[in-house]
Structures are given as structure tokens and as C-alpha cells.
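Letter by letter, the chains look like this.
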Amino acid sequence: MSLVLDAAAQDLLFREARTANTFSDEPVTEEQVQAIYDLVKFGPTAFNQTPLRITLVRSPEARERLVKHMAQGNQAKTAAAPLVAILSVDNEFHEELPQLLPHFPQAKDAFFAERPVREQSALVNGALQAAYFIIGVRAAGLAAGPMTGLDFAGLQKEFLDGDHTPLMVVNIGKPGEDAWFPRSPRLEFDQVITTV
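It should be emphasised that the depicted structure is a prediction, and the values quoted were computed from it without experimental measurement.

Chemist: How do you make sense of the pairing of strand β2 (residues 83-90) when you look at a structure like this?
Modeler: Along a regular strand, successive side chains alternate from one face of the sheet to the other. In terms of residue burial, β2 counts as a mostly covered element, since eight of its eight residues are buried. With burial as the criterion, each face of β2 is covered, one bearing Leu 83, Ala 85, Leu 87 and Val 89 and the other bearing Val 84, Ile 86, Ser 88 and Asp 90. Where strand β1 (residues 52-57) and β2 come together, six bridges link them in antiparallel fashion. The partner of Leu 56 across the bridge, within β2, is Ala 85. Sheet analysis places β2 next to strand β4 (residues 164-173), joined by eight bridges and oriented antiparallel.

Chemist: Honestly, the sheet that holds β4 in this entry has me stumped. Any pointers?
Modeler: Two pairing modes exist for strands in a sheet, parallel and antiparallel, and in both the strands are linked by backbone hydrogen bonds. The strand order β1-β2-β4-β3 describes an open sheet built from four strands, whose pairing is antiparallel. Since the sheet does not close on itself, it has two edges, and those belong to β1 and β3 (143-147), each with one partner. Across the sheet, the mean angle separating the axes of adjacent strands is 30° when strand polarity is ignored. The sheet contacts of helix α3 (residues 60-67) involve β1, β2 and β4, and relative to β2 the element is tilted by about 65°.

Chemist: Can you walk me through the packing of aromatic side chains in this structure?
Modeler: A ring pair, where both rings are aromatic, is described by two values, the distance of the centres and the angle of the planes. For the structure on display, the rule yields five aromatic pairs. Plain terms: the ring middles of Phe 104 and Phe 111 are 6.0 Å apart, the flat faces sit at 80° to each other, and that makes the pair edge-to-face. Phe 111 gets classed as partly exposed once you look at its relative accessible area, which sits at 42%. An angle of 55° between the planes, with centres 6.4 Å apart, marks the rings of Phe 111 and Phe 112 as tilted. The buried category is assigned to Phe 112, whose relative accessible area is 4%.

Chemist: Even after reading the chapter, I still don't get unusual backbone geometry, so can you show me in this structure?
Modeler: Among all residues except glycine, the phi angle is most often negative; among peptide bonds, the trans geometry is most common. A positive phi angle, close to 55°, is found at Asn 48, a residue other than glycine. For Asn 48, a relative accessible area of 36% corresponds to the partly exposed category. Residues other than glycine seldom take positive phi values, yet Asp 178 does so here, at roughly 50°. By the element assignment, Asp 178 lies in the loop between β4 and α9 (189-192).

Chemist: Honestly, a nonpolar patch on the surface in this entry has me stumped. Any pointers?
Modeler: Where nonpolar side chains cluster on the molecular surface, the patch consists of Leu 187, Phe 189, Val 192 and Ile 193 and spans about 430 Å² of accessible area. Mapped onto the fold, Ile 193 is located in the segment after α9. Ile 193 sits in the partly exposed class, given a relative accessible area of 43%.

Chemist: Explain the pattern of salt bridges to me, please; I cannot follow it from the model alone.
Modeler: Proximity of charged atoms lets side chains of opposite charge pair with each other. This model, assessed by the stated rule, comprises 14 salt bridges. A salt bridge links Arg 118 to Glu 92, with the nearest nitrogen and oxygen atoms 2.9 Å apart. Within this pair, whereas Arg 118 is found in helix α7 (residues 115-139), its partner Glu 92 is found in the loop between β2 and α5 (97-100), the two being separated by 26 residues in sequence. Assessed through its relative accessible area of 6%, Arg 118 is described here as buried. Residue Asp 109 is joined to Lys 108 by a salt bridge in which the shortest nitrogen-to-oxygen separation is 3.9 Å. When its relative accessible area of 19% is taken as the criterion, Lys 108 is described as buried. Residues joined by salt bridges that share partners form a network here, namely Glu 92, Arg 115, Arg 118, Glu 119 and Asp 163.

Chemist: It is not clear to me how the packing of helix α1 (residues 7-15) against α7 should be interpreted in this structure. Could you clarify?
Modeler: Each packed pair of helices is defined by two parameters, the angle between the axes and the distance between the axes. It is at 9 Å that the axes of α1 and α7 come closest, and there the two elements cross at 130°. Classified by the angle between their axes, α1 and α7 sit oblique to one another. For α1 against α7, the interelement crossing comes out right-handed. Contacts between α1 and α7 involve Leu 12, Leu 13 and Phe 14 on the former and, on the latter, Ile 135, Arg 138 and Ala 139.

The rules behind each value
- Residues numbered from 1 in each chain as written.
- Predicted model: local features only at pLDDT ≥ 70, side-chain atom pairs only at ≥ 80, totals over all residues.
- Heavy atoms only, no water.
- Buried < 20%, exposed > 50% of the residue type's maximum accessible area, 1.4 Å probe, protein only.
- Helix = DSSP H or I, 4+ residues; strand = E, 2+ residues; numbered from the N terminus.
- Pairing = 2+ DSSP bridges.
- Axes fitted to C-alpha atoms, helices over the stretch in contact; angles between N-to-C directions.
- Contact = heavy atoms within 4.5 Å.
- Phe/Tyr/Trp six-rings, centres within 6.5 Å; stacked < 30°, edge-to-face > 60°.
- Patch = residues over 30% accessible without salt bridge, like charges linked within 9 Å, V, L, I, M, F, W, Y side chains within 5 Å.
- Areas by Shrake-Rupley, 256 points an atom, 1.4 Å probe, with all protein chains shown as cover.
- Salt bridge = Lys/Arg side-chain N within 4 Å of Asp/Glu carboxyl O.
- Parallel < 35°, antiparallel > 145°, perpendicular 65-115°, else oblique.
- Left-handed = near helix turned anticlockwise from the far one by under 90°.

See below:
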């Protein structure tokens, strides 16, 4: 193998990892979520920006409010998952750049003074951070069920504000019975990689 990561870790993070559609009743603890974040916060982004925001939906009342914004096929599993996270981006992330990029604090105004530029950068880098988050959930031995089948405008109005844009909702927990759909095909190396 050309990879440094051992085969068991590769399986845990990629080959055997799946999007769960059912979950066990085992709770996801604050300590697990803290450990996941403490790992994935090191993933690289442009200008070390950190636009991703994670809203943990734990209370029954908040779960009920969330489920009504999910597509019909995502409602039951969102209602039953031990933990649900709303992943969004903060379009005012540039305010943190002097702290996160101390060697270049002027990046805040030099590159991100305009809101449309910030929104585009937040979406790209927030999506990158969301992918790290999903890998972190897997590294914790949990399954992640990321979903974009939802009413984004309704979700934003219900849980966020005008400075935050929703990216996805992620169900998190130990897989339950019949958790997996059959694995869908993937593109092969030669279909994706081009050398110039």
C-alpha cells in the first residue's frame, strides 16, 4: 500500500463508513462532540478561515421544529437519530481573521470587505469543514447521515439569522438495524484523474 494510514483506519474513515439511515438508542455525548471538534478544527482552509457553525439539536422541542423542515424521506431518521447537527456558515467569519491569521490581520479588509466575496468563500470553506466534520464523526466510531433534502429557507428562519447560511443537516449516532442501503458505485481513477 502507498498509504501511511493503516487498513483498519482506512476502512473506518472511508471504505466501510456509510451513511446511516437508522440508529441505535445509544446517546452521543458532549465529550464525543468535543473530541470530534478538537480533531477536525485542524483541517486546512483558505486564510485559516473558520466559517463553519454547528448547531446541535438535542431538545425534543427543537427536534420537532427541525423535522418539519426536512424532506419527507428524511423526517423519520432525523426524528430518531441520537443527535442531529445543523451545519451552517457564518458570513461574517472575516471578523475572526485577525485572531486566526495573526501574521496577516489585514486580510480581513484586504480580501473580505465585500459581502458577496465572503459568502462565496464561506460556502467553499464551510463545505470543506463540513467534510472534515463527517470524517471526524467516523473517527469517533459513529455514523454520520448528511442530508441536503430539506427546506433551507425554513431552516434558516427557524434556527439561524441573516448572517448564517445553512449547508446541511447531519444525523449522528451508532448505526441501528438495517442502517445501510446497498453501496452505490463510485467513479474509477481514470474517470476522474487527468494528468497534464
